[in-house]
Each structure stands twice: as structure tokens, then as C-alpha cells.
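Here is how the chains run, residue by residue.
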Amino acid sequence: DLGEAYHKTGQFKKEKALYKKAEKDFPGYPVLLYRQTALAFTEGDSINANRYIKKFRSYLADNSIPEAEISMIIGQFYLEANVLDKAEEYFRRVISEMPDNAIVMNALAWLLINQDRNVDEGMELVDKALKLSPNDCDYLDTKGWGLFKKGEYQLALEMIQKSWDIRMKDAIYSQESFDHLEAAKKAVARQVNN
């Protein structure tokens, strides 16, 4: 968690030092490999990133994780490192292999919506995910954020509020979701005041 906090706050030197220390105590630990991969991609170090992916892929394959799930995780590496074309490529690959996987549908929808790559396609994907899991707080947040991006602020607020209420009931806090809720409230307030 500390490494992820360093990563999200741009403290990459501290993050790298933490992982070097952790590598001595936990060599080959999958969460550590994941974090090292994300850091390497963020720093533009594709050689080390690919080395970590190879180790991570080997670990997952040795533990009988299906290739599609491995691709999903690698897509997440790229998404976290803001290598969006590769993330999209991996997510699309998983969807082609597992067309009813709501998790990857939402991951691709989130990428398409949040990065303004194709909000309409993202909305179609999140709607499919919501048909499979209608009360998933992450999927509801993605849909609400898509509505926000489309300027449908009242509907966005309703969807994000529903997501937030489920989150709070289940004690699953997300700063990003909170920020979405606040943005939707402000947008609706501006509409009412105009």
C-alpha cells in the first residue's frame, strides 16, 4: 500500500527504494511484481517492465490462471502507467476471449469514458456490464461518469449517488468516486442556478 501511495503521489524514487528492499524479503511476490511493473512502465523503462511482466505471467501460469485473466492484469498495468493504447489493446483481447466478463467490460468502458477516447462505446460496454451486475458500485460509477461526460448532469448525479450509497453501505471507499459525486453535484447546482 505504501508503494502504491508513493506511486499515486509521484514519489517514484521512494517507491523504487521500497520495492528494492521488499524484493529481498519477498522475491517473486506477485503484488510486488505488479507494483514494480507499474512503476517501470510509468518511468518509461520498458525493458524492466517486460522483465517483470514475464515473471508475473510465469507466476500466474504456474498457478493455473487462464491467459485471458493474465491479459486483463497486464491491461491494468498499462492503464495504471497511462499507456492507454496498450491497455485498450489488452482489454479488447480479453473481451474477445471472454465476451461476458463484466469486470473487463467495465475496465474498457472506464478507459474509453474517462480518457474521452470513445464515450459512446464506453457507455454501451458499461450498460452490458450492468445487465450482468446491476448493483455493482464500480459499474454504476462508470456509467454515471459517462453521463457526466455527455453533459447529462442530473442523470449522472442520480447514478453516481446510487453508486456512492452502495459503496457506503458496503464500506468500500473510493476517493475517485467521491470526486465524481462532488463534480456531479456542482454541475447540477450550476444548472439550477442558471
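Residues numbered from 1 in each chain as written. Predicted model: local features only at pLDDT ≥ 70, side-chain atom pairs only at ≥ 80, totals over all residues. Heavy atoms only, no water.

Caption draft 1: Structural view of the environment of Gln115. Relative to the helices and strands, Gln115 is located in the loop between α7 (102-114) and α8 (119-132). For Gln115, a relative accessible area of 34% corresponds to the partly exposed category. Along the backbone, Gln115 and Asn82 are 33 residues apart, and their C-alpha atoms lie at a distance of 10.0 Å. Those residues within four positions of Gln115 in sequence are excluded, and the remaining contacts are Leu84 and Trp110. (Helix = DSSP H or I, 4+ residues; strand = E, 2+ residues; numbered from the N terminus. Buried < 20%, exposed > 50% of the residue type's maximum accessible area, 1.4 Å probe, protein only. Contact = heavy atoms within 4.5 Å.)

Caption draft 2: Expanded view of the layout of surface pockets. In this model, the largest pocket occupies a volume close to 950 Å³. Lining the largest pocket we find 26 residues, and of these Lys8, Gln76, Leu79, Trp110 and Glu176 sit closest to its centre. At the level of elements, α1 (2-8), α3 (30-42), α5 (67-80), α7, α9 (137-149) and α11 (175-193) are the ones that each hand at least two residues to the lining of the largest pocket. Of the residues assigned to the lining of the largest pocket, the class counts are 9 nonpolar, 8 polar and 9 charged. Space inside the second largest pocket adds up to approximately 290 Å³. Asp1, Tyr19, Val31, Leu32 and Arg35 are, among the 13 residues lining the second largest pocket, the residues nearest its centre. Breaking the lining of the second largest pocket down by element, the ones donating at least two residues are α1, α2 (12-25) and α3. (1 Å grid on protein atoms, 1.4 Å probe; cavity = no way out; pocket = protein on both sides within 12 Å on 5 of 7 lines; lining within 4 Å. Points joined across faces, edges and corners; volume = space filled by probe spheres on them. Nonpolar A, V, L, I, M, F, W, Y, C, P; charged D, E, K, R; others polar.)

Caption draft 3: Broad picture of the confidence of the model for the protein chain. Summary statistics for the protein chain give a mean pLDDT of 92 and a share of 100% for residues scoring 70 or more. Per-element averaging of pLDDT across the protein chain places α5 at the bottom with 86 and α8 at the top with 98. (pLDDT = per-residue confidence, 0-100.)

Caption draft 4: Main features of the pattern of salt bridges. Following the criterion strictly, the structure yields 17 salt bridges and no others. Between Asp85 and Arg117 there is a salt bridge whose closest N-O contact spans 2.4 Å. Of this pair, Asp85 sits in helix α6 (residues 84-97) while Arg117 sits in the loop between α7 and α8, placing them 32 residues apart in sequence. We classify Arg117 as partly exposed; its relative accessible area is 31%. Residues Arg117 and Glu88 are paired through a salt bridge, measuring 2.9 Å at the closest nitrogen-oxygen approach. Of the two residues, Arg117 is situated in the loop between α7 and α8 and Glu88 in helix α6; the sequence distance between them amounts to 29 residues. For Glu88, a relative accessible area of 14% puts it in the buried group. (Salt bridge = Lys/Arg side-chain N within 4 Å of Asp/Glu carboxyl O.)

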